[in-house]
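One-letter residues, chain by chain:
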Amino acid sequence: MQAHTDKADAGTTRTGVAHATPAGTGQGSTHTEGAHVAQTHTAQGGATPAPPARSRRDHRIDALRGAALLMMFIDHIPQNLLNRFTMRNVGFADAAEVFVLLAGYASWLAYGRGFTKYGVWPTLQRLFKRCVQLYIGQTIMVMAYVFTVREWRHFTPVSVDYLEPELAHGLDWIWRVMMFDALPSNLNIMPLYLVLLGGFPIFYLLMRVHGSLALLLSGALWMLVNMDPELNFPNWLDPDGWYFNPLAWQFLFALGLTASAQTQRRGRDFARVPALVALCWVYLLFSAIQAFPWTLWGLPDLRPLGDALAPSKSWLSPWRLFDVVAIFYLVQSSERARHWAAESWVGQELARVGRHSLEVFVVGTILDLYARLIFSTFGDGWALQVAVNVVGLAMLIGLATWLDRRRNRARGGRPAAMAGAVATPRPTGGQAG
């Protein structure tokens, strides 16, 4: 993805984590089930305590967001051989689409329920606070990029791909970058997320008028942009405008909001319809064959449509949209995915990363810059490939673990997975994995 993503708000693990992040600061509230002990009467009339009710928390959203964050770290290092194995190689969509869709889903959990539970003003205050956090994160990344590139070039040449020439000299650009009039090519996902999150009250009001109104208007705007891609926000650094066109990507955010609201209203997961599941798998198979870099692996080009099909990422081509929606449906309608995210070691580690998406995204974006500079300066041999990936991924996972432990201490020792998971009702019977 051109710029990092999908800082997205993330959060669906806890209404606070999902504040929005790329999110994960943990503000906000979440509905969790306590371990209530019920009394059951035996045949003799005695009462014995029943075992605690099984947790119904849903870790799938956080696990998906965590996977997207780690893939973004890998994908944004062009010289990284590991990026040959991320989802962008086997489908039209990549981690950016996943992140934005989950940002919408998480934002409803963080704020949609907040309006009715806490009131309008407190929820708007939380929303504004989250936007400020995202803005600070963007500022940190911009300053780190500019300072690092300006200093690094004193020792070795640095390509303009790392930083636009307009930003590499002087200070006249600062106000433009801070006002989002100029978006550096590697730092353009957070502004998208800020615009989408800032527009949440509008989405909410439209959804209150009618459950489908926001989605219908959002979809109409998305279709209009796909017919006329020149409809975009201006970008001083790029005559084509914002790389992630907010007028198109807002539809993906709205889809996440609507899915979250409907899941909450119905009190259960999406129904797992066999015909729809089959259709999703068929589409994803076609997407994988068409998007796979056959020639990069020295294989015959088996793409059915060849170069004739090149779905645009900037204005969210329908091909990319259908791809990420199919993945989302398969995961969110799967009981096996629920168990995997909640009970497996890998699922819990990914969920931990996803619960702290803002911090992980900011640190990962900065690490991407240093990894690219190291590769361009010292080569991209196997030793550095292993070192960069092991150290980078370990730092991101370690950061998430440290943040989780700090949150646990603040909560009096309750595990973050228990206190900060998305609580959604268990699906009704009959849903296969």
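Here, residues in each chain are numbered from 1, in the same order as that chain's written sequence. Predicted model: local features are reported for residues with pLDDT of at least 70 only, side-chain atom pairs are reported and counted for 80 or more only, and whole-chain, interface and lining totals are derived from all residues. Excluded from the side-chain calculations are hydrogens and water; all other atoms, namely the structure's heavy atoms, are used.

Considerations on the confidence of the model for the chain
Okay, so step 1: When pLDDT is averaged along the chain, the result is 84; 82% of the residues meet or exceed 70.
Okay, so step 2: Every residue carries a pLDDT, the predictor's confidence in it, which falls somewhere between 0 and 100. Contacts: residue pairs with any heavy atoms within 4.5 Å of one another. Throughout residues 1-55 the model reports pLDDT below 50, and contacts reaching past four residues in sequence, or to other chains, amount to 237 contacts.
Okay, so step 3: For the stretch residues 416-433, pLDDT sits under 50, and the model shows 75 contacts to residues farther than four places along the chain or on other chains.

A few points about empty space enclosed by the protein
Okay, so step 1: When its volume is computed, the largest cavity comes out at roughly 50 Å³.
Okay, so step 2: A 1.4 Å probe that fits but cannot get out identifies a cavity on a 1 Å grid over protein atoms alone, an open set with protein on both sides within 12 Å along at least five of seven lines counts as a pocket, and a residue lines either if it has an atom within 4 Å of a point. In terms of lining residues, the largest cavity is bounded by 11 residues, among which Leu69, Phe73, Phe361, Gly364 and Thr365 are the most central.
Okay, so step 3: The numbering of helices and of strands both runs from the N terminus, where a helix is a DSSP run of H or I of at least 4 residues and a strand a run of E of at least 2. Mapped onto the lining of the largest cavity, the elements with two or more residues apiece are helix 1 (60-75) and helix 14 (357-378).
Okay, so step 4: With five residues, the top contributor of residues to the lining of the largest cavity is helix 14.
Okay, so step 5: In this classification, Asp, Glu, Lys and Arg are treated as charged, Ala, Val, Leu, Ile, Met, Phe, Trp, Tyr, Cys and Pro as nonpolar, and every other residue, Gly included, as polar. The residue inventory of the lining of the largest cavity, partitioned by class, reads six nonpolar, four polar and one charged. Grid points are joined across faces, edges and corners, and a volume is the space filled by probe spheres set on the points.

Some remarks on helix 7 (residues 200-209)
The periodicity of an α-helix, 3.6 residues per turn, causes residues three or four positions apart to be oriented the same way.
Okay, so step 1: All buried positions along helix 7 are accounted for by Phe200, Phe203, Tyr204 and Met207. For helix 7, the buried positions fall inside an angular range of 100° around the axis, keeping them on one side. Turned more than 90 degrees away from the buried face of helix 7, the exposed residues are Ile202, Leu205 and Val209.
Okay, so step 2: In this fold, the buried residues of helix 7 make contact with helix 2 (95-117), helix 3 (120-152), helix 6 (189-198), helix 8 (213-227) and helix 9 (246-266). For every residue, the accessible area obtained with a 1.4 Å probe (protein chains only) is divided by the maximum for its type, and the residue is called buried under 20%, exposed over 50%, and partly exposed between those limits. For this quantity, the arc is that covered by the directions from the helix axis to the C-beta atoms.

Focus: the nonpolar core
Okay, so step 1: Residues enter a nonpolar core if they are buried and are Ala, Val, Leu, Ile, Met, Phe, Trp, Tyr or Cys, with the set joined through side-chain atoms within 4.5 Å. By size, the foremost hydrophobic cluster in this structure holds 107 residues, and its most contacted members are Val100, Phe200, Trp249, Leu252, Phe253 and Phe328.
Okay, so step 2: No other element matches the 14 residues that helix 2 contributes to this core.

Overview of the packing of aromatic side chains
Okay, so step 1: Paired rings are identified among Phe, Tyr and Trp, the last through its six-membered ring, by centres lying within 6.5 Å, and are further divided according to the angle between planes into stacked (under 30 degrees), edge-to-face (over 60) and tilted (the rest). Scanning the entire structure with this criterion turns up 24 aromatic pairs.
Okay, so step 2: On the numbers, 6.0 Å between centres and 65° between planes, the contact of Phe92 with Trp319 is edge-to-face. A residue pair is termed long-range when its members are at least 10 positions apart, and Phe92 in the loop between helix 1 and helix 2 and Trp319 in helix 11 (residues 318-332) qualify at 227 residues.
Okay, so step 3: When its relative accessible area of 7% is taken as the criterion, Phe92 is described as buried.
Okay, so step 4: Taking 4.4 Å as the distance between ring centres and 35° as the angle between the ring planes, the aromatic pair formed by Phe115 and Tyr204 counts as tilted.

What about the packing of helix 6 against helix 7?
Okay, so step 1: Orientation of helix 6 relative to helix 7, taken along the N-to-C sense of each, is 40°, at an axis distance of 4 Å. By the criterion of interaxial angle, the relationship of helix 6 to helix 7 is oblique. Taking contact as the criterion, the partners of Leu196, Leu197 and Gly198 in helix 6 are, on helix 7, Phe200, Pro201 and Phe203. Simply put, an axis is a line fit to the C-alpha atoms, just over the touching stretch for a helix, and the angle between two N-to-C directions goes from 0 to 180 degrees. The labels follow the angle: roughly parallel below 35 degrees, roughly antiparallel above 145, roughly perpendicular from 65 to 115, and oblique for the rest.

A few points about a nonpolar patch on the surface
Okay, so step 1: Nonpolar side chains collect at one region of the surface, where Leu82, Phe85, Leu296, Trp297 and Leu299 lie side by side and expose about 480 Å² of accessible area between them.
Okay, so step 2: The class of Leu299 is partly exposed, set by a relative accessible area of 39%. Only residues whose relative accessible area exceeds 30% and that form no salt bridge enter a patch; like-charged residues are grouped when within 9 Å of one another, and nonpolar side chains (Val, Leu, Ile, Met, Phe, Trp, Tyr) when within 5 Å. Areas reported as accessible are Shrake-Rupley estimates using a 1.4 Å probe. Residue values count occlusion only from the protein chains shown. Salt bridge, as used here: a side-chain nitrogen of Lys or Arg that lies within 4 Å of a carboxyl oxygen of Asp or Glu.

Brief notes about the side chain of Gln348
Okay, so step 1: Its place among the elements puts Gln348 in helix 13 (residues 345-355).
Okay, so step 2: Think of a polar contact as two N or O atoms within 3.5 Å of one another; within protein, one of them needs to be a possible hydrogen donor and the other a possible acceptor, and neighboring residues in sequence only count if both atoms come from side chains. At 3.4 Å, the side chain of Gln348 forms a polar contact with the side chain of His59.
Okay, so step 3: Of note is the side chain of Gln348, whose polar atom sits 3.4 Å from the backbone oxygen of Ala342.

Some thoughts on the layout of surface pockets
Okay, so step 1: Its volume calculated, the largest pocket comes out at about 480 Å³.
Okay, so step 2: In terms of lining, the largest pocket is formed by 23 residues, of which the most central are Leu64, Met87, Trp281, Ile327 and Val331.
Okay, so step 3: Mapped onto the lining of the largest pocket, the elements with two or more residues apiece are helix 1, helix 10 (274-291), helix 11 and helix 12 (335-343).
Okay, so step 4: For the lining of the largest pocket, the leading source of residues is helix 1, giving six residues.
Okay, so step 5: For the lining of the largest pocket, the per-class residue count stands at 17 nonpolar, three polar and three charged.

With respect to the packing of helix 6 against helix 9
Okay, so step 1: It is the contact of helix 6 with helix 9, at a shortest axis distance of 10 Å, that shows an interaxial angle of 65°. When you trace helix 6 past helix 9, the crossing you get is right-handed. Of helix 9, the residues touching helix 6 (which contributes Leu192, Tyr193, Val195, Leu196 and Leu197) are Pro246, Trp249, Gln250 and Phe253.
Okay, so step 2: Here the contact of helix 6 with helix 9 is built from residues that sort into eight nonpolar, one polar and no charged. Each crossing gets its handedness from the near helix: less than a right angle anticlockwise from the far helix is left-handed, clockwise is right-handed.

What about the pattern of salt bridges?
Okay, so step 1: Applying the stated criterion to the full structure yields 14 salt bridges.
Okay, so step 2: When the shortest N-O distance is used, the salt bridge between Asp94 and Lys313 registers 2.7 Å. Within this pair, whereas Asp94 is found in the loop between helix 1 and helix 2, its partner Lys313 is found in the loop between helix 10 and helix 11, the two being separated by 219 residues in sequence.
Okay, so step 3: Exposure remark for Asp94: the relative accessible area of 4% places this residue in the buried category.
Okay, so step 4: Under the relative-accessibility criterion, Lys313 is labelled buried at 7%.

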